[in-house]
Amino acid sequence: MTEASRFPGGADVAWSEHVVVRDGVRLACRDWGGPGQPIVLLHGLAGHAGEWDVLARRLSSRYRVVAVDQRGHGASERHPRDLSRAAYVADVIAVVDQLALRRPVLVGQSLGGHTAMLAAAAHPQLVRALVLVEAGSGGPNPNGPVDIGGWLDSWPTPFPSREAAAAFLGGGPVGAGWAAGLEERDGGWWPRFDRDVIVRSLAENAQRSFRHEWRQVTCPTLVVLAQSSFIPAQEADEMLQQRPATMAMSIPGTAHDLHLEQPGILHTALSGFLENLA
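Rules and cut-offs
- Residues numbered from 1 in each chain as written.
- Predicted model: local features only at pLDDT ≥ 70, side-chain atom pairs only at ≥ 80, totals over all residues.
- Heavy atoms only, no water.
- Pairing = 2+ DSSP bridges.
- Helix = DSSP H or I, 4+ residues; strand = E, 2+ residues; numbered from the N terminus.
- Core = buried A, V, L, I, M, F, W, Y, C linked by side-chain atoms within 4.5 Å.
- Buried < 20%, exposed > 50% of the residue type's maximum accessible area, 1.4 Å probe, protein only.
- Contact = heavy atoms within 4.5 Å.
- Salt bridge = Lys/Arg side-chain N within 4 Å of Asp/Glu carboxyl O.
- 1 Å grid on protein atoms, 1.4 Å probe; cavity = no way out; pocket = protein on both sides within 12 Å on 5 of 7 lines; lining within 4 Å.
- Points joined across faces, edges and corners; volume = space filled by probe spheres on them.
- Nonpolar A, V, L, I, M, F, W, Y, C, P; charged D, E, K, R; others polar.
- Phe/Tyr/Trp six-rings, centres within 6.5 Å; stacked < 30°, edge-to-face > 60°.
- Lys NZ or Arg CZ within 6 Å of the ring centre and 35° of its normal.

Engineer: Any details on the pairing of strand β8 (residues 182-185)? Residues and values, ideally.
Structural biologist: In this sheet, strand β9 (residues 188-191) lies alongside β8 in antiparallel orientation, the contact comprising four bridges. In the sheet register, E183 faces β9, and the bridge partner there is W190. From the end of β8 to the start of β9, which pair antiparallel, there are two residues, and D186 there has a positive phi angle of about 50°.

Spelled out as structure tokens, the structure:
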């Protein structure tokens, strides 16, 4: 199926929807086509594949770009039983396999970056390179599920309009990006996810660290952090100490959703990194 992307700030560009099914779970993917090195884009918790539209459009002139609605999100399965980190990783590998994406670069923001990191650690032969956008090795964070649940509970759903949702969710390109993931039904605009599924997706990150998996990553890696980063400075420093060859940069004037705030700068950073891959 071909759709017209009408993401705020981006031109109308055709992308094809592919559905990957793994273990009975439906995964919706936006395939932007494009030549060259495959790139898989993974959104963060409570996000959606459309967050990447502006960046994907720019990258697709040179690269084969696929953005995934991860399980429990967007157009994918709303209520999957398995919300383990391993399930998210297996989904990525299924997308890579079923769409014949040979040794892709995995690019993930926030929890999507964590998924990308775990996939690169577990399947080094399948991943060409790794880009973490506001993502780290993570954990343990016992307060994470409660904090996220409280934040989602604060949403005054249904929103009366997408514009109202965008204003509540931060305004500007960040609010517009989040609001683009809503669906209109029952007289209002609702999230395309289940609140409890989102909270349960953080269970493992609340309980343990994944530093061991970070050390197992062998592919070239770029870490892109915001000036007002969600990643604690100590965690970022430890990551670079554990893997000194990692490239890292910070984008001034940005916060956690830097891929929405500054897609142009992120595109420049990614392009430079990709061009230097052997």
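Engineer: Please give an account of the nonpolar core that cites residues and values.
Structural biologist: Counting 35 residues, the largest nonpolar core has V95, L106, M117, L130 and L132 as the members making the most contacts within it. Listing elements by their share of this core, those giving two or more residues are β3 (25-33), β4 (38-42), β5 (64-68), α2 (85-98), α3 (111-122), β7 (129-133), β10 (221-226) and α10 (233-242). A total of six residues in this core trace back to one element, the largest contributor, which is α3. Setting aside residues no more than four positions away along its own chain, L130 makes contact with L106, A116, M117, A120, V217, C219, P220, T221, L222 and F273. One finds A56, I251, L258 and L274 within the second-largest nonpolar core, a separate group that totals 27 residues.

Engineer: Which residues make up the pattern of salt bridges, and what are the values?
Structural biologist: Applying the stated criterion to the full structure yields 13 salt bridges. Where D186 meets R185, a salt bridge forms, and the shortest distance between an N and an O atom there is 3.4 Å. Put simply, R195 and D196 hold a salt bridge, and the shortest N to O gap is 3.0 Å. Residue R195 is classed as partly exposed on the basis of its relative accessible area, which comes to 33%. Linked through salt bridges whose partners overlap, the residues forming this network are R78, E183, R185 and D186.

Engineer: Residues and numbers for the side chain of T115, please.
Structural biologist: Along the polypeptide, T115 turns up in helix α3. T115 has contacts with L42, Q70, R85, Y88, V89 and V92, leaving out every residue within four places of it along the chain.

Engineer: With reference to specific residues and values, describe the layout of surface pockets.
Structural biologist: Roughly 830 Å³ of volume is contained in the largest pocket. Every residue lining the largest pocket is counted, 35 residues in all, and those nearest its centre are S110, N141, L202, F230 and H256. Among the elements of the structure, α3, α4 (144-153), α8 (203-207) and α10 are those that each provide at least two residues to the lining of the largest pocket. For the lining of the largest pocket, the element with the highest residue contribution is α4, accounting for five residues. A per-class count over the lining of the largest pocket returns 15 nonpolar, 13 polar and seven charged.

Engineer: Lay out the packing of aromatic side chains in plain terms, naming residues and giving numbers.
Structural biologist: Here the structure, examined in full by the defined rule, presents six aromatic pairs. Between the aromatic rings of W151 and W178, the centroid separation amounts to 5.4 Å while the plane-to-plane angle is 85°, which identifies the pairing as edge-to-face. On the criterion of sequence distance, the pair formed by W151 in helix α4 and W178 in helix α6 (residues 172-179) is long-range, its members being 27 residues apart. For W151, a relative accessible area of 35% puts it in the partly exposed group. Ring plane angle 50° and centroid distance 5.7 Å describe the contact between F159 and F168, whose orientation is recorded as tilted. Classification of F159 as buried rests on a relative accessible area of 2%. Cation over ring: R85 sits above Y88, and NZ or CZ is 4.8 Å from the ring centre. One Lys or Arg, R208, reaches over the ring of F210 and ends 3.8 Å from the middle of that ring.

Engineer: So what's going on with empty space enclosed by the protein? Residues and values would help.
Structural biologist: Taken as a whole and judged by the stated rule, the model has three cavities of 30 Å³ or more. Quantified by volume, the largest cavity comes out at close to 70 Å³. Taken together, A46, G47, H48, G74, W155, W178, G181, L182, P191, R192 and F193 make up the full set of residues lining the largest cavity. Looking at the lining of the largest cavity residue by residue, the classes come out as six nonpolar, four polar and one charged. Put simply, the second largest cavity is a space of about 50 Å³. Along the walls of the second largest cavity sit L27, V40, L42, V68, Q70, D91, V92 and V95, which together make up its complete lining. Put simply, the parts of the chain that give the lining of the second largest cavity at least two residues each are β4 and α2.

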